[in-house]
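# Survey of secondary and tertiary structure
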Amino acid sequence: MSHRRTGTTSADDVFLAQLGIKPELSRRTSAFQNFAISVTVICILAGGQSMFGFGMSHGGPVVMLGTWIAIGFFTLLVGLSLADVVSAYPTSGGPYFMASKLGGPRWGWVTGWLNLLGLLGAIAGIDYGAAQFTGAFIQMQWNVAPTAGSTMLIFAVILLVHGLLNSAGVRVLNLLNSISVWWQLGGVALIVGALTLSSASHQSPSFLVSFHNESGLGSTLQVVLVGSLVAGYTFCGYDASAHIAEETTDAQVSAPRGIVRSIWVSWVAGFVLLAGMLLAVQNYEGTLNSATGVPPAQIYLDVLGAAGAKALMLVVIVAMLLCGNAEVGASSRMIYAFSRSRALWKWQSWQLVNERTKTPTRAVWLSVVVPFVLALPALYSPAAYGAITAINAVGMIPAYGIPVYLALRKGRDYRPGPWTLGAWRKPIGVIACLYVVVITAVFCLPQTSPITTDSFNYAGVTLAIALLIAWVTWQTRGKRAYQLTADHIAQPSEALIEEGI
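To keep things clear, this report deals only with the structure shown in the data block. (Residues numbered from 1 in each chain as written. Predicted model: local features only at pLDDT ≥ 70, side-chain atom pairs only at ≥ 80, totals over all residues. Heavy atoms only, no water.)

To continue, consider the packing of aromatic side chains. Aromatic ring pairs are defined here through the distance separating the ring centres and the angle between the ring planes. Tallying each qualifying case throughout the model produces 22 aromatic pairs. When the centroid spacing of 4.9 Å and the interplanar angle of 45° are considered together, the rings of Trp68 and Phe235 count as tilted. You can see Trp68 sitting in helix H5 (residues 60-88) and its partner Phe235 sitting in the loop between helix H11 (229-234) and helix H12 (240-243), a full 167 residues away along the chain. Look at Trp68 and you get buried, because its relative accessible area is 1%. Taking the relative accessible area as the measure of exposure, Phe235 reaches 1% and is therefore buried. Through a chain of ring-to-ring contacts, the aromatic side chains of Tyr96, Trp109, Trp113, Phe338, Trp345, Trp474 and Tyr482 assemble into a single cluster. (Phe/Tyr/Trp six-rings, centres within 6.5 Å; stacked < 30°, edge-to-face > 60°. Helix = DSSP H or I, 4+ residues; strand = E, 2+ residues; numbered from the N terminus. Buried < 20%, exposed > 50% of the residue type's maximum accessible area, 1.4 Å probe, protein only.)

Put into structure tokens, the structure is as follows:
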């Protein structure tokens with residue numbers, strides 16, 4: 001891989017103008033802060049904890065750890081391939097802008113809708129998960145059992161706070177994301193250290209290669225594939241580095257590096273977290289069927305007692321809150337960029353940037369309101385809520401693969417940016433695209449047996465609905481209104497080009 005620094009901030013804006021985009025956002029994001037937002041959105045403390053019970057029932061330790069290694073490796077290949085394209089097109093639009101440039105407007109339109117719906121579903125899933133963990137903590141602390149109504153109220157408060165924080169400007173977002181990196185890595189060290197050093201008994205290393213199947217699925221292969229989704233659902237959201245590229249200095253290098261670094265750091269730290277927690281399991285069935293409804297909380301209770309469990313739960317809850325806040329930041333930039341291309345209804349409103357904070361404030365609040373509406377079915381049916389939020393990974397991961405595929409299809413006509421895989425682009429890109437197809441199919445597999453209304457996996461249905469939305473909106477609006485870049489963008493002056501490049 002080769003690297004070249006593009007120089008000053010003015011060079012970033014000159015290059016953006018050459019892509020046909022008017023620089024409007026504030027470039028206050030450093031390379032570390034760009035990396036921080038993707039680490040925060042991946043959030044191993046959220047995915048690793050909320051999916052822990054799922055993994056215990058779908059293959060157990062050997063599947064959880066084995067597929068974490070495999071999925072992390074293939075995700076790194078996707079991230080490397082996507083990073084190559086991000087370096088060529090470092091814009092807030094991320095995957096949809098790349099797809100439009102490389103494959104044409106219809107490719108961009110479909111990619112944009114998959115990415116956008118995935119981001120909004122992710123916010124609903126992350127913040128509602130934080131509300132559930134908060135409810136579990138309240139029950140542990142004050143013995144007040146959470147209800148669907150109280151969880152929804154907590155969820156609404158979390159979204160409101162995230163809207164206010166993101167409206168304050170990118171400096172606040174950068175600060176919280178920077179804190180989040182150390183909070184997550186420190187949280188992993190604290191959780192694993194506390195569980196390992198406790199006086200409670202621990203599982204032997206052979207436990208880590210044990211297999212457990214509580215899913216009802218008869219096929220071992222299917223159990224392994226479905227169990228891999230502990231990692232599959234966690235390794236999403238690293239496109240956040242692309243979405244804040246227009247606010248990042250030296251974006252053509254910083255944004256791709258942010259993607260790759262966030263994946264391998266999460267990969268390593270996540271493995272340590274899962275292994276440490278599995279070795280601390282005291283009673284497998286008791287943990288899986290915990291009265292708290294949160295298997296990790298049961299591990300904390302069994303090993304550290306009530307006080308220790310509450311402390312670690314707070315660590316996880318804060319990580320989830322930081323994750324949701326970063327996801328709102330990424331989603332708002334996607335909405336801003338997609339509106340700039342006239343892809344959304346009332347696009348004139350969602351593309352507006354606050355003159356004081358240089359933040360797309362209206363897009364921020366749309367990123368808060370839509371997830372709240374998406375989660376409302378949880379008041380009546382957990383299955384309906386699951387169906388809606390399933391669009392998270394099943395929408396976002398194909399959106400990562402499409403630009404990679406289109407860059408490969410472009411062949412020698414593809415012009416990479418300064419951060420490039422070079423000769424490795426084709427072999428890594430081919431494997432990455434094949435993985436995207438396979439993991440998307442795995443997301444849609446039945447996850448339990450027998451299949452009921454509550455246990456049905458709606459991921460395939462939501463993917464089909466997302467594609468239908470993309471097709472209908474293209475036919476009714478996209479053909480007429482979609483415009484990747486604005487005609488009125490003035491090209492940079494020769495003096496500015498000489499200064500910046």
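On to the pattern of salt bridges, then. This structure, assessed with the given rule, holds 5 salt bridges. Residues Arg333 and Glu247 are paired through a salt bridge, measuring 2.9 Å at the closest nitrogen-oxygen approach. One end of the pair, Arg333, is in helix H15 (residues 295-340); the other, Glu247, is in the loop between H12 and helix H13 (251-279), and 86 residues separate them in sequence. Just as Arg333 is buried, Glu247 falls in that class too. The closest approach of N and O atoms between Lys358 and Glu355, which form a salt bridge, is 3.4 Å. The partly exposed category is assigned to Lys358, whose relative accessible area is 30%. Exposure remark for Glu355: the relative accessible area of 63% places this residue in the exposed category. (Salt bridge = Lys/Arg side-chain N within 4 Å of Asp/Glu carboxyl O.)

This next bit is on empty space enclosed by the protein. Applying the stated criterion to the full structure yields 3 cavities of 30 Å³ or more. Quantified by volume, the largest cavity comes out at close to 40 Å³. As for the largest cavity, its lining consists of Ile71, Thr75, Gly232, Phe235, Tyr238, Ile397 and Tyr435. Taken as a whole, the second largest cavity holds about 40 Å³ of empty space. The set of elements that each furnish at least two residues to the lining of the second largest cavity consists of H5, helix H19 (391-410) and helix H20 (425-443). Per-element accounting of the lining of the second largest cavity gives the leading share, 3 residues, to H19. Residue composition of the lining of the second largest cavity, grouped by class: 4 nonpolar, 2 polar and 1 charged. (1 Å grid on protein atoms, 1.4 Å probe; cavity = no way out; pocket = protein on both sides within 12 Å on 5 of 7 lines; lining within 4 Å. Points joined across faces, edges and corners; volume = space filled by probe spheres on them. Nonpolar A, V, L, I, M, F, W, Y, C, P; charged D, E, K, R; others polar.)

Looking now at a nonpolar patch on the surface. Taken together, the side chains of Ile69, Trp264, Val268, Phe271 and Val272 make up a nonpolar region of the molecular surface, amounting to roughly 440 Å² of accessible area. In terms of residue count, H13 provides more of the nonpolar patch than any other element does, 4 residues in total. Checked against the element boundaries, Trp264 lands in helix H13. Given a relative accessible area of 44%, Trp264 falls into the partly exposed group. (Patch = residues over 30% accessible without salt bridge, like charges linked within 9 Å, V, L, I, M, F, W, Y side chains within 5 Å. Areas by Shrake-Rupley, 256 points an atom, 1.4 Å probe, with all protein chains shown as cover.)

The terminal C-alpha atoms of helix H2 (residues 31-42) lie 17 Å apart, and with 12 residues this matches the ideal 16 Å at 1.5 Å per residue to within 8%. Inspection of H2 places Gln33, Asn34, Phe35, Ala36, Ile37, Ser38, Val39, Thr40, Val41 and Ile42 among the buried residues, and these make up the whole buried set. Turning to H2, the residues buried within the fold contact helix H3 (44-50), helix H9 (170-197), H11, H12, H13 and H15. Two residues or fewer after H2 comes Cys43, characterised by a positive phi angle close to 50°. (Expected span 1.5 Å × (residues − 1). Contact = heavy atoms within 4.5 Å.)

Okay, helix H7 (residues 105-142) next. With 38 residues, H7 ought to run about 56 Å at 1.5 Å a step, and its terminal C-alpha atoms sit 54 Å apart, in line with that. Directly after H7, the chain includes Asn143, whose backbone phi takes a positive value near 60°.

Now for the side chain of Arg340. Note on placement: Arg340 falls in helix H15. Note on Arg340: relative accessible area 12%, which makes it buried. Sequence-distant contacts of Arg340, that is, excluding residues within four places in its chain, are made with Ile21, Glu246, Gln351 and Gln483.

So, about the nonpolar core. One finds Ile191, Tyr300 and Phe338 to be the most contacted residues of the largest nonpolar core, which totals 149 residues. Among the elements that make up this core, the one with the highest residue count is H15 (19 residues). If sequence neighbours within four positions are ignored, Tyr300 has contacts with Gln49, Ile191, Leu195, Met277, Gly305, Ala309, Leu312, Met313 and Val316. Residues Ile37, Ala240, Ala326 and Ala330 belong to the second largest nonpolar core, which totals 7 residues. (Core = buried A, V, L, I, M, F, W, Y, C linked by side-chain atoms within 4.5 Å.)

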